[in-house]
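# Survey of secondary and tertiary structure
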Amino acid sequence: MTLADKHCVPCEGGAKPLTVQQAKELLRQVGGWAPGEDGKWIVKQFKFGDFVEAMNFANKITPVAEREGHHPDVHISYGKVVVELSTHAIKGLSENDFILASKIDALN
């Protein structure tokens, strides 16, 4: 089953974040995503021709994130959308971050 076929599951505060090795393995399954500086989040920049295209893409993320119950940090500027994913409840990365990354990739 691919990441895009999976669904996010609620994550409790007692769960452990992914190890660096686990995160590296999952990063190979999502194109263009990179670990954040502290390894507790992943990030990807999407480029567009103008502000309207960037906003349209950002608006496509909303229903997917709501359906999955996992919400990214989205930064929008002219021709660019930067998406950051982390599982705040565990202060690190979970499989949910990579599942949502895969689903966001499918929107572009």
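Before going into details, it helps to say that this report is about the structure given with it. (Residues numbered from 1 in each chain as written. Predicted model: local features only at pLDDT ≥ 70, side-chain atom pairs only at ≥ 80, totals over all residues. Heavy atoms only, no water.)

### Details of the environment of His-70
- Position of His-70 among the secondary structure elements: in the loop between helix H2 (51-68) and strand S3 (73-77).
- The class of His-70 is buried, set by a relative accessible area of 8%.
- C-alpha separation for the pair His-70 and Lys-47, spaced 23 residues apart in sequence, amounts to 23 Å.
- Once residues lying within four places of it in the same chain are set aside, the contact partners of His-70 are Cys-8, Ala-65, Leu-85, Ser-86, Thr-87, Asn-96, Asp-97 and Leu-100. (Helix = DSSP H or I, 4+ residues; strand = E, 2+ residues; numbered from the N terminus. Buried < 20%, exposed > 50% of the residue type's maximum accessible area, 1.4 Å probe, protein only. Contact = heavy atoms within 4.5 Å.)

### A few points about the packing of H2 against helix H3 (residues 95-105)
- One way to put it is that H2 packs onto H3 with a least axis distance of 10 Å and a crossing angle of 140 degrees. Taken as axis vectors, H2 and H3 run oblique relative to one another. In this structure, the crossing between H2 and H3 has a hand that is right-handed. Here Phe-57, Ile-61, Val-64, Ala-65 and Glu-68 of H2 come into contact with H3, specifically with Leu-100, Lys-103 and Ile-104.
- For the contact of H2 with H3, the per-class residue count stands at six nonpolar, no polar and two charged. (Axes fitted to C-alpha atoms, helices over the stretch in contact; angles between N-to-C directions. Parallel < 35°, antiparallel > 145°, perpendicular 65-115°, else oblique. Left-handed = near helix turned anticlockwise from the far one by under 90°. Nonpolar A, V, L, I, M, F, W, Y, C, P; charged D, E, K, R; others polar.)

Shape is all these values report; function is a separate question.
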